[in-house]
Amino acid sequence: MDLSTTYLGLKLSNPFIAGPSPLTGRLDALKRMEDAGMGAIVLPPLFEEQLQTAEMDLFQAIDTPAESFPEALTYFAEPEHAIVDVEGYMTHLADLKKHVRVPVIGSINAVTRDGWTDYAKLMEGAGVDALELDFYFVGNDASRTGGEIEGRFVDALTAVKGCVQIPVSVKVTPFHTSLAHFARSLENAGADGIVLFHRFYEPDIDIENLEPVSRLKLSDSRELPLRLRWLAIVSAKAACSLAASGGVHSVEDVVKAIMTGAHCVQLASALLKNGVEHVTSLREGLAAWLDRNEYESVRQMRGTMNIEHIPEPGAFSRAHYMHLVGSWGS
Ligand SMILES: Cc1cc2nc3c(=O)[nH]c(=O)nc-3n(C[C@H](O)[C@H](O)[C@H](O)COP(=O)(O)O)c2cc1C
């Protein structure tokens, strides 16, 4: 069975990519993933705020406060993940890259324009095959419009595209008012791929001690339909690569993501729950499923259920809602 796919212009033997998680920063885990047949690997991001930088130029002009970015980043910036010097990180990265044969994608989560571009160049120099810009953001500033926030992401992407030769993808969250438009803007700014979606880590509150509680829960397949809707919509128009990230656990999940338009699926929780060897059973299960259902390849199946190819495109939008609420109880 031909499981091959092309993602960001890279030829992958299959559509399985290890999404950034603590696993992908460890050489032993990377080697096991490769042995288990992973198609590509995204390294954990380089967080600008975790690094000792000489100077942090603000993202934009001084009167456009950039503090929301650091606020958003603190979700991930835990001390145990801190790598304190850029050089050390790049050496680590070059070393990882040397030891694996599958494509390695470097991930960046920066605060300032210089942060995005400097680390992009350094990562390219360290040998990664492509970049993933991690656009994780919590829009908590009531004075800033959605357009401004999206404009800053597009700006960061444009700056990175202007200074590296390798392909660049962006990982976005689902919380944009006009996601289809945002996806188009990213593509127009040169995005080679879009990862749908980042998973927000929602803090809970402790009502006895009156404090927020952050606990990282792994996903399950219930998170997938949000991705399916937007893959089905975005893939109908986008020419760039698309990756599903979030809630991909079973063979059926993989089939759904590809049918709605994903070129590949990123796995994080599924690997953390079941071990990296889980990719072997997914890969074999996907091949068997395609065979049983008379597909010749992953490519043949891709996008067959996006909104251009299904008889009722409304199923992914408002009509679906009207139908569902109307049918409750019947
Ligand atoms: C423990 C853990 C750490 C993660 N760290 C990062 C990260 O540093 N950067 C990032 O872009 N995504 C990170 N993710 C998000 C995953 O890459 C992925 O987008 C998300 O978990 C949804 O995919 P899943 O349902 O397969 O877990 C992390 C996920 C987990 C579970």
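Residues numbered from 1 in each chain as written. Predicted model: local features only at pLDDT ≥ 70, side-chain atom pairs only at ≥ 80, totals over all residues. Heavy atoms only, no water.

1. Brief notes about the overall build of the chain
Worth spelling out the cut-off: Starting at the N terminus, helices and strands are each numbered in turn, a helix being any DSSP run of H or I of at least four residues and a strand any DSSP run of E of at least two. We call a residue buried when its accessible area falls under 20% of the maximum for its residue type, exposed when it is over 50%, and partly exposed in between, using a 1.4 Å probe and counting protein chains only. Residue-level accessible areas treat just the shown protein chains as cover; the underlying method is Shrake-Rupley with a 1.4 Å probe.
In terms of helices and strands, the chain carries 12 helices and 13 strands. Evaluated residue by residue, the chain yields a buried proportion of 52% over its 330 residues. Accessible surface, the chain as shown: approximately 15600 Å² in total, 53% of it carbon and sulfur.

2. Some details on the pairing of strand 8 (residues 168–172)
Selection rule: Strand pairing is assigned whenever DSSP identifies at least 2 bridges connecting the two strands. Orient the strands so they point away from the viewer, and a crossover whose first-strand-to-second-strand path over the helix runs clockwise is right-handed.
Of all 5 residues in strand 8, 5 are buried; the element is thus mostly enclosed. Judged by which residues are buried, strand 8 turns out to be covered on both faces: Val168, Val170 and Val172 on one side and Ser169 and Lys171 on the other are all buried. Across 4 bridges, strand 7 (residues 130–134) lies against strand 8 in parallel orientation. What sits directly across from Leu133, in strand 8, is Val170. As paired elements, strand 8 and strand 9 (residues 193–196) share 4 bridges and run parallel to each other. Residue pairing in the sheet places Lys171 in a bridge with Val195 of strand 9. In this region the chain leaves strand 8, passes through helix 6 (residues 179–188) and returns to the parallel neighbour strand 9; the handedness of that crossover is right-handed.

3. Remarks on the site of the ligand
Definition in use: Nearness here has a simple test: a residue counts as near a molecule or strand if at least one of its heavy atoms is within 4 Å of that partner. Polar contacts, as counted here, are pairs of nitrogen or oxygen atoms within 3.5 Å of one another; within protein the pair requires one atom able to donate a hydrogen and one able to accept it, and residues that are adjacent in sequence qualify only if both atoms are side-chain atoms. Basically, the charged four are Asp, Glu, Lys and Arg, the nonpolar ten are Ala, Val, Leu, Ile, Met, Phe, Trp, Tyr, Cys and Pro, and anything else, Gly included, counts as polar.
As a matter of local geometry, the ligand sits amid 19 residues, with Pro20, Lys171, Ser219, Gly247 and Ser269 nearest to it. Contacts to the ligand include Ser269, whose side-chain N or O atom sits 2.5 Å from an oxygen atom. With the chains in place, 94% of the 600 Å² that the ligand exposes on its own is no longer accessible. In the shell around the ligand, the residues fall into 9 nonpolar, 7 polar and 3 charged.

4. Side note on unusual backbone geometry
That bond from Leu196 to Phe197 is cis: its omega, 5°, falls within 30 degrees of zero. Within the secondary structure, Phe197 is located in the loop between strand 9 and strand 10 (204–206). A positive phi angle is found at Leu8, which is not glycine, with a value near 55°. Taking relative accessible area as the criterion, Leu8 reaches 5% and is therefore assigned buried. Phi is positive for Leu210, close to 50°, though the residue is something other than glycine.

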